Amino acid sequence: MANALVNVPPRARRGEVIEIKTLISHPMETGYRRSQLGTPIPRDIVRLFVCTYNGTEVFRAELHPAIAANPFFVFSTVATESGTLAFQWTGDNGFSATESAAITVD
Amino acid sequence: MSGSFVRLLAATALTLLAGTAFPGEIPQAERRSGYDFMSRETRAMQDDETANPGMLGVLEGGTLWARKTGAAGRACADCHGDARASMKGVAARYPAFDATSKRPVNLEQRINVCRTERQQAPALAYESRELLALTAFVARQSRGLPIDIAVDARVQPFLDNGRAAFYRRQGQLNLACSQCHDDNWGKRLAGNAIPQAHPTGYPVYRLEWQSLGSLQRRLRNCLVGIRAEPYEYGAPELVELELFLMWRARGMAIEAPGVRP
């Protein structure tokens, strides 16, 4: 159900450094706030983001409560071979979202 | 000095001629979108469709557009088809006159009219995720198109009400919208640039809100800021003010979903 936007260049030359952008829809509720009735709002955040390139992990980030809603990551990797970049977000309350993008390297 | 005298003369002449120009009104050529007052980074965020968090709402709105709902079991797409064609330019024309209620309705209200009458589904709550997503999706189809509010005899009284509200001092601070947005735009208020209040990017993703929000949410914010009691969502006064602001921004390009600090 979660919406994610990823931006991976569809083609790249071998050895080229490519920039990858990801955006995930998530409220990132800190757990420190209280509702208007004074009851604590439980924490609900994305805990971990992992990007794998043909099965090899190329980027990993641990997230914490101070990160704003809809976390946005920009990172780079070296285009080594054609294949798939897979993205996975996991978090509180069993949150899990995946997205993938294909890249052709020549 | 002589320039300001000429401007005053011109404004007076216009007031006499059309009865519409107000002193201090921003000349057409000097109008600037809130986009121009933002930092380079925030502008880049709005321009890049994979960095603009408002696009998450558009994405969700696209899903809702195609989903069958309500007792009629119809999706928006069943009547309107491909939104890229059927919704192109629609957001640039709203608020628009609604013949049934005999008053202007904004885009959110128009979507809810469709929901309750055509889909026979319950109306979506103002500022609910679904309504913002659908509005963002519809508004996105008008990106880059000029705002074009049709003013006829039926709409004119509501436009006049909106204009009066814009120039009326209100709240404990006794401020009119125009005192900030006509007279002092470009200056800073508590470190933030004062924009000209052209609603070109709504619904916007406001970084402070960390979510999408409607123009009415923004207007209510301003009302609280001048210590006035904010109108309820959907109140006729807010729609009239929206109508006036959109008319005031006529010809400017729609940026929805905008990003604002």
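Residues numbered from 1 in each chain as written. Chains lettered and ligands numbered in written order. Predicted model: local features only at pLDDT ≥ 70, side-chain atom pairs only at ≥ 80, totals over all residues. Heavy atoms only, no water.

1. Notes on the pattern of salt bridges
This is how it is decided: Salt bridge, as used here: a side-chain nitrogen of Lys or Arg that lies within 4 Å of a carboxyl oxygen of Asp or Glu.
Under the criterion given, the structure shown has 18 salt bridges over all chains. Across the salt bridge formed by Arg206 of chain B and Glu208 of chain B, the nearest N and O atoms sit 2.9 Å from each other.

2. Quick look at the side chain of Asp98 of chain B
For the record, the criterion: Strands here are runs of E lasting at least two residues and helices are runs of H or I lasting at least four, both read from the DSSP assignment and numbered beginning at the N terminus. By definition in these notes, contact holds between two residues if any of their heavy atoms fall within 4.5 Å.
Secondary-structure assignment places Asp98 of chain B in strand 1 (residues 96-98). Discounting chain neighbours no more than four positions away, the residues touching Asp98 of chain B are Arg103, Pro104, Val105 and Arg110 of chain B.

3. Details of the interface of chain A and chain B
Note the threshold: Each of two parts loses accessible area, computed with a 1.4 Å probe, when they are put together; buried area is these two losses added.
Listed per partner, the contact involves 13 residues of chain A and 13 residues of chain B. Interface area, chain A with chain B, both sides summed: about 1,100 Å², of which 57% is carbon and sulfur. Ranking the residues of chain A by area buried against chain B places Asn3, Leu5 and Leu23 of chain A at the top, with a combined share of 44%. Taken together, the connections running from chain A to chain B amount to 1 salt bridge. With a closest N to O distance of 2.3 Å, Asp48 of chain B and Lys21 of chain A form a salt bridge. Only strand 1 (4-7) and strand 3 (17-24) of chain A provide two or more residues apiece to the side of chain A that touches chain B. Per element, the largest residue contribution to the side of chain A that touches chain B is 4 residues, and it comes from strand 1 of chain A.

4. Structural notes on the nonpolar core
Basically, it comes down to this: Among buried residues, those of type Ala, Val, Leu, Ile, Met, Phe, Trp, Tyr and Cys that are joined through side-chain atoms within 4.5 Å constitute a nonpolar core. Exposure classes here rest on a 1.4 Å probe applied to the protein chains alone. A residue is buried below 20% of its type maximum, exposed above 50%, and partly exposed in between. Segment limits for the domains were obtained from an automatic or database-derived domain assignment.
In this structure, Trp65, Leu107, Leu134, Val138 and Phe244 of chain B are the most contacted members of the largest nonpolar core, which totals 54 residues. A total of 8 residues in this core trace back to one element, the largest contributor, which is helix 7 (residues 129-140) of chain B. Counting only domains with at least three residues in this core, you end up with domain 1 (29-50 + 146-260) and domain 2 (54-140) of chain B. With near-sequence residues (within four places) excluded, Leu134 of chain B lies in contact with Gly61, Leu64, Trp65, Cys76, Ile111 and Leu124 of chain B. Of all hydrophobic cores here, the second largest spans 25 residues; its members include Ala4, Ile24, Ala79 and Phe87 of chain A.

5. Focus on the confidence of the model for chain B
Here is the rule: Confidence of the predictor in every single residue is expressed as pLDDT, which spans 0 to 100.
The predicted model of chain B averages 91 in pLDDT, with 91% of residues at 70 or higher. Here helix 1 (residues 2-18) of chain B stands out as the element of chain B with the lowest mean pLDDT, 47, in contrast to helix 11 (residues 236-248) of chain B, whose mean of 97 is the highest.

6. Let's talk about the packing of helix 6 (residues 107-118) of chain B against helix 7 of chain B
All names here are of chain B. This is how the line gets drawn: Angles run from 0 to 180 degrees between N-to-C directions of axes, and those axes are lines fitted to C-alpha atoms, restricted for helices to the stretch in contact. Just so you know how the angles are binned, under 35 degrees is roughly parallel, over 145 roughly antiparallel, 65 to 115 roughly perpendicular, and the rest oblique. Polar here means any residue outside two lists: the nonpolar Ala, Val, Leu, Ile, Met, Phe, Trp, Tyr, Cys and Pro, and the charged Asp, Glu, Lys and Arg; Gly therefore counts as polar.
With their axes 10 Å apart at the nearest point, helix 6 and helix 7 run at an angle of 110° to one another. Of the possible angle classes, the one that applies to helix 6 and helix 7 is roughly perpendicular. Where helix 6 approaches helix 7, its residues Leu107, Glu108, Ile111 and Asn112 are matched on the opposing element by Leu131, Leu134, Thr135, Val138 and Ala139. Its residues assigned to classes, the contact of helix 6 with helix 7 shows 6 nonpolar, 2 polar and 1 charged.

7. Notes on helix 8 (residues 156-167) of chain B
Which entries qualify depends on this criterion: Here the expected length of a helix is defined as 1.5 Å per residue gap, with one fewer gap than residues.
Relative to the 16 Å expected for 12 residues at 1.5 Å per residue, helix 8 of chain B spans 17 Å between its end C-alpha atoms, a close match to the ideal helical length. Buried residues of helix 8 of chain B: Phe158, Leu159, Gly162, Arg163, Ala165, Phe166 and Tyr167 of chain B, and no others.

8. Some points on the sheet that holds strand 3 of chain A
Residue and element names in this part refer to chain A. Short version of the rule: Here, strands pair whenever DSSP counts at least two bridges between them.
In spatial order, the strands read 1-3-6; together these 3 strands make up an open sheet with antiparallel pairing. Because the sheet does not close on itself, it has two edges, and the strands there are strand 1 and strand 6 (72-78). Adjacent strand axes in the sheet meet at a mean angle of 15°, parallel and antiparallel pairs treated alike. Examined bridge by bridge, strand 1 and strand 3 share 4 bridges and lie antiparallel to one another. Its bridge partner lying in strand 3, Asn7 is registered against Lys21.

9. Observations regarding unusual backbone geometry
Residues and elements named next belong to chain B. In this model, Tyr94 is joined to Pro95 through a cis peptide bond whose omega is 0°. Along the chain, Pro95 falls in the loop between helix 5 (83-86) and strand 1. Residue Pro203 follows Tyr202 across a cis peptide bond; omega there is -5°. With respect to the secondary-structure elements, Pro203 resides in the loop between strand 4 (192-193) and strand 5 (204-206).

10. Points about the sheet that holds strand 6 (residues 211-213) of chain B
Residues and elements named next belong to chain B. With mixed pairing, 3 strands are arranged side by side in an open sheet as 6-5-7. With partners counted over all chains shown, the strands left at the sheet margins are strand 6 and strand 7 (259-260), one partner each. Of the strand pairs in this sheet, strand 5 and strand 7 are connected by 2 bridges, and their pairing is parallel. Paired with Arg206 across the bridge in strand 7 is Arg260.

11. Topic: the domain arrangement of chain B
Buried accessible area, meaning the area lost when the parts come together, often serves as the stated size of an interface. Residues and elements named next belong to chain B. Applicable threshold: Here a polar contact is taken to be a pair of N or O atoms separated by no more than 3.5 Å, where protein atoms must pair a possible hydrogen donor with a possible acceptor and residues adjacent in sequence count only if both atoms sit in side chains.
With domains assigned, chain B is organised as domain 1 (29-50 + 146-260) and domain 2 (54-140). For domain 1 and domain 2, the distance between their C-alpha centres works out to 21 Å. Counting residues at the interface gives 27 residues for domain 1, matched by 24 residues for domain 2. For the domain 1 and domain 2 pair, buried surface summed over both sides reaches about 2,200 Å², with 67% attributable to carbon and sulfur atoms. At the boundary of domain 1 with domain 2, the tally comes to 2 salt bridges. Between Glu240 and Arg103 there is a salt bridge whose closest N-O contact spans 3.5 Å. Taken together, the connections running from domain 1 to domain 2 amount to 6 residue pairs in polar contact (both at pLDDT 80 or more). Taken together, the elements giving at least two residues each to the side of domain 1 that touches domain 2 come down to strand 6, helix 10 (215-225) and helix 11. If one sorts the elements of the side of domain 1 that touches domain 2 by residue count, helix 11 sits on top with 6 residues. When its residues are assigned to classes, the side of domain 1 that touches domain 2 shows 17 nonpolar, 4 polar and 6 charged.

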